[in-house]
Structures are given as structure tokens and as C-alpha cells.
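Coordinate inspection notes
Chain by chain, the residues:
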Amino acid sequence: MRVAVIGAGVIGLSTAQSIYQQFHSTVSPLTIEVYADRFTPLTTSDGAAGFWQPYLHDKGNIQETMWNKMTFDYLLKWLSSPDSIKMGIFLQSGYNLCEEPTPEPSFKDIVLGFRELTDRELQMFPGYKYGWFNTALMVEGKSYLPWLMDWLKERGVKFHHKTIKSFKELSDSGADVIVNCTGVRSGELQPDPDLKPGRGQIIKVDAPWLKHWIITHSNKAGTYNTPYIIPGSRLVTVGGCFQVGNWSEQNNSTDHKHIWEYACQLEPSLKHARIVEDWAGLRPARSKVRLERETIRSGASTIEVIHNYGHGGFGLTIHRGCAQEAARLFGQILEQKGNYIF
Amino acid sequence: MKRVRIAVVGAGVAGFSSAVCIAEALPSCSVTLVADRFSPDTTSDGAAGIVLAAEFPDIPLERQKRWFKNSFDHLLAIAVSAHSPDAGVILSSGWQIFKEVPANKKPFWSEFVIGFRIMTDGELRRFPHHKFGHAFTTVRCDCSSYLPWLQNRFRKAGGQVEKRKVNDLQELFNNFDLIVNCSGLGSKSLVGDTHVYPVRAEGILERCSRLEPSLRKAKVLGEWVGLRPSRKNPRVEKEVVQVQGHRVPVVHNYGHGGSGVTLAWGTALDVMELVREHLGEKLLQARL
């Protein structure tokens, strides 16, 4: 069984991992190959702050909430290993701030120690009337992706630096199943009007005295269009914006000014921070994650595709749950093909 | 009126906190801080600086609460201001975990820190041998930044600093009208307090790695050994020392053990009040 995974961001690599974990002992031979034109540290997953948190409200997408929880619990278990920091995983607590009272978020029972903010805490953030405090996880792409690649390489997964132009290309070269983890550029392989870039720009600064993440929310402005400050293992990520439809990966100085001004209002001590760099990336925004099988007719034969893209600003947050689900769909394909050896 | 000359002995967190409190609140005094060791060579410099308190057996609870609250509010104001990075004072959230459930689940200082609550079962799961814990946000004060910052504040308030070793408080009696003794462990020899004893911990990295496994991958930057100036209770009180016909007031502020950073400002305010009280008495006596 030959599996071709397209995409080497967190979704592609973790899906390859889940397929290997679930099937390598029962499917022989199982060849997994990853094709991508961008690898760590140049993927969208690398630029993200690496903060585990879904959007505040799941809009009825209970499956996504379940996948988020699976991911959180999975990452939490890794904390008992000394390698957790090599994977970029660590705990960090912080504040979600709202301009007005807001219904509780989908992740309140997933994170640790979720509670409402006390009046004293709200006084620390003038302009915000309501919010929550909890302990969450960080999973930094710049560490996690190399760790995943090493894990996969050790188990014989091959990597190819190549831009794939069509599913047929891979199927013609012998792939039995194609796993499409191409993120924001999925439209190049198969048009998807629901998939749009959600451009974000961030500023990385050196401010080691900051030990909590602070995320602000505004119904008016929309998700991640208001300031957020997320300390990482070495630098602090300051954001942000969420510009739907903007394909530019270049840093924009107007965005920089805007982001910096609002972040400094939120956290005055930032004025002592040393700015290290800016980065812009394109969130693969979609009304919901596309995680499903598709059997594509190609002449006389069929191409089996598993789609796993459209994770917006919560790819790291949801990756493991989706990877396990994608592996389950792979199992379905195996059963149909009669390849499953029990 | 002649300026009252005050000497503060000790340049750790208790010394500088006391010196700043007095210099800022009592401009009629001229304050000189005298010590042989300054940051980064004081006991305070080695402290992690997390503000949480121990309970002392013989000090009235109201006084301990007042010490804690005053210290906490002072440091919190710095932590949420633009001064935070320079002063080395930041907000920090975390857990205090216990192997056995303590008799008192809510310590006296729980009402003063931020968001105090008991840890959930889910949070305790990571720590197999521990049955109970507190979760809260407090402040963390890094003395290697805080002490220089306080020294700066002291200078701005007109304070003077002298680097020398004081072997006997009597050395100071000729030049100063009042002594504030913040000599920590040095009090053992300086004022003959046999109740002060050094406390040191061993085998730290191994025990901590069991709690936080990723520490095994941490690069050790250095080791530091310090002796906490422990005492059954901190000594914060005025004593009048009779020597060669002089009656010299000495205000003691030492013996904070592992709670120096936590209690420094609160005890310094008490010291300042004791000094103010003493000056008031003297004025009264002068008038009678």
C-alpha cells in the first residue's frame, strides 16, 4: 500500500504519523511518502505562535471540539517526557479578554483550571469588562515539525521536495491513496470556493518578563483582528489581524504600526521590548475543516483521496484529532480494497 | 532642626526596602545604607523571588496579613506598570503542590494573591505523589534587577550608600542617631541573636526533574548556594541599646527566612512607622 501525503505542515506530518502508527503493523508493505514544496521552518505552521486555543465558539461543529480535545489531551501526556520541550510543548497560562460578557467558550472543559476573571484582574486591563483565565498548552511549530520529521524519517517515511500539480500526477506514479494536506493552497489542486486565505501578520519581540498569553476578543472586529500577545519559549509573538482574501505573504508596514500600537496599549511594558522580526502567513480559512474521503474518477480508474485541510487559525490546536480521523478514513479505504490483514 | 541621621545596615531586599520606605516617607531624616555585600552578592539575589508566604507561629495573624498585603500590592503595582522589566518584577501564575492535604486548605495569604483556587483533579494528575494543590497568580521579584532598581529609587530620595563591613553596631553610634538592622544572617554576630540559623537545600535538580521532566533537557547555567536567614519568627521591633552613656535606638528587621522577598516591603513599612514613632517621641521629649 503506497500512501502519498501532500503537504509538510503540521497537518501533513501528523497525518502521516497517525497512519503509520495505526497501520504499520498490519499492512505490509506500507510505504508513506510526503511531497511538499515548503518544509519547516517555512510552513504556515512554523510562523504561527504555537498556542493551543480554538476559536471561542464552535458554531455547532462538535466534531471539531472533539478533535481539539483529543489534541490537547494528547499533547498534555507528552509533558511527562523530558523531550516535551524538544517537541515545543509546554504549559502556559493567560487571559482571554472580552469587551462585553460573552458565553463560555467551547474549550472551557478541555483546558486546565478554566475560570472567570476576578475584578482585580480586569482592572489590569482597562477597556475589557469580562474574561477568563486558564492554563493551556503551547506547541511551537518550529520545534514540533522537525521532531515529527525525525520521527517519520526514523520509520522509513520518505520526503520529496516537489510541487504537486494534480492528484493524477501522484496516482499515475503509483500512489494508492493520496492524503491532501495542502492547507491554504488546496484550491490549486481542486477548486474550493469555501477556502480562503486569512492573512495574519505578527511581530516577534524579545520580552522575557512576559509570562502569560493575553488574547483579546471583539465581536465587532472579528477573530484575531484585535491584539494578542503570546510569549513563546524564546520570543514573544505580538499580533494580529485576520484579513480574509488577502494572499500577500509580505510584511505590511501599516499592519505593523497598527498591531504594535494596539498591543502596547494592552501591555505598556512592551515599549521596552526589542523587536526581532515581522512575519506574515495565510491561515487556511474555511467555514469548517474539510476532513473527508473523495473517490475521483480518472478515466477507467479511481483515485482515493483523503482531504484534511481548512484548519484556519487552529491547525496546531486540532491537528492530532484530525490526523487520527484521517487515519480512520484510511482504514475504511483499506477495508474496501480488501487489504486489511487482521 | 537638625536632621536625624539614620543608618540602614544590609543591602539585601530587607535593607533596601527599609531604606527606600524611610527616605521617601521621612524627608527630615538623612538615610545612609551601609553594607559589605551588594547585589549580585546578597542572599536575596539567589532567591527565585516568588511571592508566597509561610506562617510564623508567634506573630499575630493580623500583622502577618498586613505585611503580606502591603508587600503584594506594592509589587503588583510595579508588575503591571511599564517599570516591570527594569525592576525585575513580573506577574507569574503557578501551582503549589502538597504530598498530603494540609489542615488549612486556604492559607491566610490566599485572599491577597490573584485568582486563588484549589487545583482540579485534572491538574493534579501530572504530579503522581501529590494529593492537593493551590493555583494562583502572584508576583515574582528577581532581586538581581529589583535591588539595583530600589537603589536607584533610594538615591533619588536623597539616600547615600556606603560599602563597608560593620562588625559591631557600636561602630555606628557616633555618626548616626538611629540604626535599622537588616543584616539577615549577619545578625547572629552583629546583635548576638542565637535564634538565627542558616538553612540550605540539597539534591535540587534531581527532585525538580521528577516534577517537571523537561528540566532534564535544560542547560545548567550555574549553581548558587545561599543560606536563608531563618528564625522562628522575623524580628521586626525597636530596641533601645544602652552603650557608654548613649541610648541608641535600633530597629530590627531580620530573620525573614525564605520569605524575604515576600515580606520585605510590608516589614519595611512597619520599620518606617517605628522610626516615625520614635522621632515623635523624641520631639515630645525635647519639648517637655
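The name an unreviewed UniProt entry assigns to chain B is D-aspartate oxidase, from the organism Nothobranchius furzeri. Within the UniProt record for chain B, the comment given under Function (unreviewed entry) is "Selectively catalyzes the oxidative deamination of acidic amino acids. Suppresses the level of D-aspartate in the brain, an amino acid that can act as an agonist for glutamate receptors. Protects the organism from the toxicity of D-amino acids. May also function in the intestine."

Labelled according to an unreviewed UniProt entry, chain A appears under the name D-amino-acid oxidase, originating from Nothobranchius furzeri. The Sequence similarities (unreviewed entry) field of the UniProt record for chain A holds the comment "Belongs to the DAMOX/DASOX family." In its Cofactor (unreviewed entry) section, the UniProt record describing chain A reads: "FAD".

Observations regarding the packing of helix α1 (residues 13-25) of chain B against helix α6 (residues 143-156) of chain B
Residue and element names in this part refer to chain B. Running from amino to carboxyl end, α1 crosses α6 at an angle of 25 degrees, the nearest separation of the two axes being 9 Å. Taken as axis vectors, α1 and α6 run roughly parallel relative to one another. α1 and α6 meet at a crossing whose hand is left-handed. Contacts between α1 and α6 pair Val13, Phe16, Ser17, Ala19, Val20, Ala23 and Glu24 from the former with Cys143, Tyr146, Leu147, Leu150, Gln151, Arg153 and Phe154 from the latter.

Section: the interface of chain A and chain B
Tallying the contact residues gives 27 residues for chain A and 29 residues for chain B. Where chain A abuts chain B, roughly 2,100 Å² becomes buried across the two surfaces, and 64% of that area is made up of carbon and sulfur atoms. Counting the surface chain A buries against chain B, the share from its top three residues, Pro82, Arg120 and Trp209 of chain A, is 25%. Counting across the interface, chain A meets chain B through two salt bridges. With its nearest N and O atoms 2.8 Å apart, the salt bridge here joins Lys217 of chain B to Asp83 of chain A. Here chain A is connected to chain B by five residue pairs in polar contact (both at pLDDT 80 or more). Mapped onto the side of chain A that touches chain B, the elements with two or more residues apiece are β3 (89-98), β4 (112-116), α4 (119-123) and β5 (130-139) of chain A. Its residues assigned to classes, the side of chain A that touches chain B shows ten nonpolar, ten polar and seven charged.

The rules we used
In every chain, residue numbers begin from 1 and rise along the written sequence. Chains and ligands are labelled by the order in which they are written, letters from A for the one and numbers from 1 for the other. Per-residue local features are limited, in this predicted model, to residues with pLDDT of at least 70; the limit for side-chain atom pairs, both in listing and counting, is 80 or more; totals at the level of whole chains, interfaces and linings are taken over all residues. Excluding hydrogens and water, the side-chain values take into account all heavy atoms of the structure. UniProt positions are given in the numbering used here, feature names are shortened, and annotations may be inferred rather than shown by experiment. Axis lines are fitted to C-alpha atoms, over the contacting stretch for helices. Their N-to-C directions set the angle, which ranges from 0 to 180 degrees. In this description a helix means any DSSP run of H or I spanning at least four residues, a strand means any run of E spanning at least two, and both kinds are numbered starting from the N terminus. For classification purposes, angles smaller than 35 degrees are called roughly parallel, those larger than 145 roughly antiparallel, those between 65 and 115 roughly perpendicular, and all remaining angles oblique. A crossing counts as left-handed when the near helix is turned anticlockwise from the far one by less than a right angle, and as right-handed when that turn is clockwise. Only heavy atoms matter for contacts: two residues are in contact if any of them lie within 4.5 Å across the pair. Two parts placed together each lose some accessible area under a 1.4 Å probe, and adding up what both lose gives the buried area. Think of a salt bridge as a Lys or Arg side-chain nitrogen and an Asp or Glu carboxyl oxygen that are within 4 Å of each other. Counted as a polar contact is a pair of N or O atoms within 3.5 Å, where, for protein atoms, one must be capable of donating a hydrogen and the other of accepting one, and residues adjacent in sequence contribute only when both atoms are in side chains. Here the nonpolar group is Ala, Val, Leu, Ile, Met, Phe, Trp, Tyr, Cys and Pro; Asp, Glu, Lys and Arg are the charged ones; every other residue, Gly included, is treated as polar.

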